[in-house]
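As a plain string of letters, each chain reads:
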Amino acid sequence: MIKKQISISLAALILAAASSCITIKTNGHEPATAASRSTSAALSPDQLIAGGKLFTAVWMQKSAEYKALCLQAFQLADLRLTQILTYQKPMRPLAIVTDIDETFLDNSPYAIHQALQGKDFDPASWNEWVNQASADTIPGAFSFFHHAAAQGVTVFYVTNRDQAGRAATLKNLRKFNFPNADDQHLLTMAATSSKQARRDSISEHYTIALLLGDNLTDFSALFDNHPTAAERTSAVLNHKEAFGKKFIVLPNPNYGDWENALYQYKHLSPAQKAAAFKKAGKSY
């Protein structure tokens, strides 16, 4: 388990290091690096959030530990699927239900693109990124899903990408030849972000062997309806037997309902987000 502690001094070091190593050209001029700026200037709220997401996204791209965690998750999923195929005799065909983003497609380039501009997620830039259909795969994903399909298991992609990004999403899946990459097996967001109704529709015809995701709402309606951080933790502990058995969690330090819970699921300004992180972090 990776413990995340929020520290203003750590964020300052992250931002300073990132700024000194990365140069962005603007209108033909190179901006000053962190070394040439006043070291006494306080971090702005924009810098605190964007700098933190730059750190986590680069960790996802460059950390061997991140890749090991992903491989571990998919190898566990493969082990569980083998056990189910060997020892269980379900009445209905088997299916795997998986999220897409940060579960098997890597959107860290989008996060870095935004962070280098001092920005967080926004729908317009996200849609632009999705339409490029250029997200790469997460380590272990391709081989797991293909092995599952070879065993006769159907894969359903249940995502909160919206209908507007449907064609580009299918293009991205087909680019890597993922199994069942078609309209029937891609369930995008419609009236609600909750995935329960979509999971229920799959359960009418299939036995869901495994669910894969990076956010707890990918697994159960228990995590819908905006639970607090404490309520989310309590629900996980109360259903701990499902994790690693039916629920396979992929690491995502960059975003998710863990972050939204800190904001009480409100649309906050950068200053308010920064204040929420400062308040939530445990120091000494």
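What counts as what
Here the residue numbers are simple positions, counted from 1 along each chain's written sequence. Note on the predicted model: pLDDT of at least 70 is required for a residue's local features to be given, and 80 or more for side-chain atom pairs to be given and counted; whole-chain, interface and lining totals, by contrast, use all residues. Side-chain descriptors were evaluated using all non-hydrogen atoms of the structure, hydrogens and water having been removed beforehand. Only protein chains enter the area calculation, which uses a 1.4 Å probe; residues under 20% of their type maximum are buried, those over 50% are exposed, and those in between are partly exposed. Strands here are runs of E lasting at least two residues and helices are runs of H or I lasting at least four, both read from the DSSP assignment and numbered beginning at the N terminus. By this definition, two strands are paired if DSSP reports at least two bridges between them. Two rings from Phe, Tyr or Trp (for Trp, the six-membered ring) form a pair when their centres are within 6.5 Å of each other. A pair whose planes differ by under 30 degrees is stacked, one over 60 is edge-to-face, and the rest are tilted. Arc definition: it is the arc formed by the directions from the helix axis to the C-beta atoms. Should any heavy atoms of two residues lie within 4.5 Å, those residues are considered in contact. The definition of a nonpolar core used throughout is a set of buried Ala, Val, Leu, Ile, Met, Phe, Trp, Tyr and Cys residues joined through side-chain atoms within 4.5 Å. When the strands point away from the viewer, a crossover counts as right-handed if the route from the first strand across the helix to the second turns clockwise. Axis lines are fitted through C-alpha atoms, for helices just across the contact stretch, and the angle between N-to-C directions can take any value from 0 to 180 degrees. Whenever Lys or Arg places a side-chain nitrogen within 4 Å of a carboxyl oxygen from Asp or Glu, that contact is recorded as a salt bridge.

1. Section: the pairing of strand 6 (residues 207-213)
Stage number 1. Taken across its 7 residues, strand 6 has 6 buried, putting it largely inside the fold.
Stage number 2. Examined bridge by bridge, strand 1 (residues 94-98) and strand 6 share 5 bridges and lie parallel to one another. Bridging across to strand 6, Ile96 finds its partner in Leu210.
Stage number 3. Inspection of the sheet shows strand 6 paired to strand 7 (residues 247-249) by 3 bridges, in the parallel sense.

2. Quick word on the packing of aromatic side chains
Stage number 1. Summed over the entire model, instances satisfying the criterion amount to 19 aromatic pairs.
Stage number 2. Seen from their ring centres, Phe156 and Tyr206 are 5.1 Å apart, and the 70° between their planes marks the pair as edge-to-face. Taken together, the residues Phe156 in strand 4 (residues 154-162) and Tyr206 in the loop between helix 8 (196-203) and strand 6 connect sequence positions 50 residues apart. Neither Phe156 nor Tyr206 differs from the other in exposure class; each is buried.
Stage number 3. Every member of this aromatic cluster is reached through a ring pair, and the members are Phe74, Phe104, Phe142, Phe144, Phe145, Tyr157, Phe176 and Phe178.

3. Focus on helix 11 (residues 270-280)
Stage number 1. Every buried residue of helix 11 is accounted for by Lys273, Ala274, Ala276 and Phe277. One side of helix 11 holds all its buried residues, which, seen down the axis, span an arc of 160°. Pointing more than 90 degrees away from the buried face of helix 11 are the exposed residues Lys278 and Lys279.
Stage number 2. Looking at the packing, one finds that the buried side of helix 11 touches helix 2 (45-62) and helix 10 (257-262).

4. Some details on the nonpolar core
Nonpolar side chains in soluble globular proteins generally cluster together in the buried interior.
Stage number 1. In terms of nonpolar packing, the biggest core is built from 37 residues, with Phe74, Ile96, Phe104, Phe144, Phe145, Leu210 and Leu212 touching the most fellow members.
Stage number 2. The set of elements that each furnish at least two residues to this core consists of helix 3 (64-87), strand 1, helix 5 (123-132), helix 6 (141-150), strand 4, helix 7 (166-175) and strand 6.
Stage number 3. With 7 residues, the top contributor of residues to this core is helix 3.
Stage number 4. When neighbours within four sequence positions are excluded, Phe145 is seen to be in contact with Phe74, Ile96, Thr98, Phe104, Val155, Phe178, Pro179 and Leu212.
Stage number 5. Membership of the second largest hydrophobic core comes to 15 residues, among which are Leu187, Ile208, Phe219 and Ala235.

5. A word on the pairing of strand 5 (residues 186-189)
Here is the key point about a regular strand: its side chains alternate between the two faces of the sheet.
Stage number 1. With 3 bridges joining them, strand 4 and strand 5 adopt parallel strand pairing. Directly across from Asp162, in strand 5, lies its bridge partner Met189.
Stage number 2. With respect to chirality, the unit in which strand 4 leads through helix 7 into the neighbouring parallel strand 5 is right-handed.

6. Let's talk about unusual backbone geometry
Stage number 1. The backbone of Ala133 sits at a positive phi, close to 50°, despite the residue not being glycine.
Stage number 2. When you line up the elements, Ala133 lands in the loop between helix 5 and strand 3 (136-137).
Stage number 3. Take Ala133: its relative accessible area is 4%, and that puts it in the buried class.
Stage number 4. With a phi close to 55°, Gln264 is a non-glycine residue in the positive phi region.
Stage number 5. Residue placement: Gln264 occurs in the loop between helix 10 and helix 11.

7. Quick notes on the sheet that holds strand 5
Stage number 1. Read across the sheet, 5 strands follow the order 5-4-1-6-7 without closing on themselves; strand pairing throughout is parallel. This sheet does not close on itself; its edge strands, each paired only once, are strand 5 and strand 7. Neighbouring strand axes in the sheet, compared pairwise and without regard to direction, differ in orientation by 20° on average.
Stage number 2. In the packing of helix 7 onto the sheet, contacts are made with strand 4 and strand 5, and the angle to strand 5 comes to roughly 140°.

8. Here we look at the pattern of salt bridges
Stage number 1. Under the counting rule described, the total for this entry stands at 7 salt bridges.
Stage number 2. Its salt-bridge partner being Lys53, residue Glu259 comes within 2.9 Å of it at the nearest N-O pair. On the criterion of sequence distance, the pair formed by Glu259 in helix 10 and Lys53 in helix 2 is long-range, its members being 206 residues apart. The pair Glu259 / Lys53 is uniform in exposure class, with both members buried.
Stage number 3. Taking the shortest distance from any N to any O, the salt bridge between Lys273 and Asp120 comes out at 3.1 Å. One end of the pair, Lys273, is in helix 11; the other, Asp120, is in the loop between helix 4 (108-115) and helix 5, with 153 residues separating them in the sequence. For the pair Lys273 and Asp120, a shared accessibility class is recorded, and that class is buried.
Stage number 4. What emerges from the salt-bridge pattern is a single network uniting Lys53, Asp120, Glu259 and Lys273.

Note that every value here comes from positions in space, so none of it alone points to a role or purpose.
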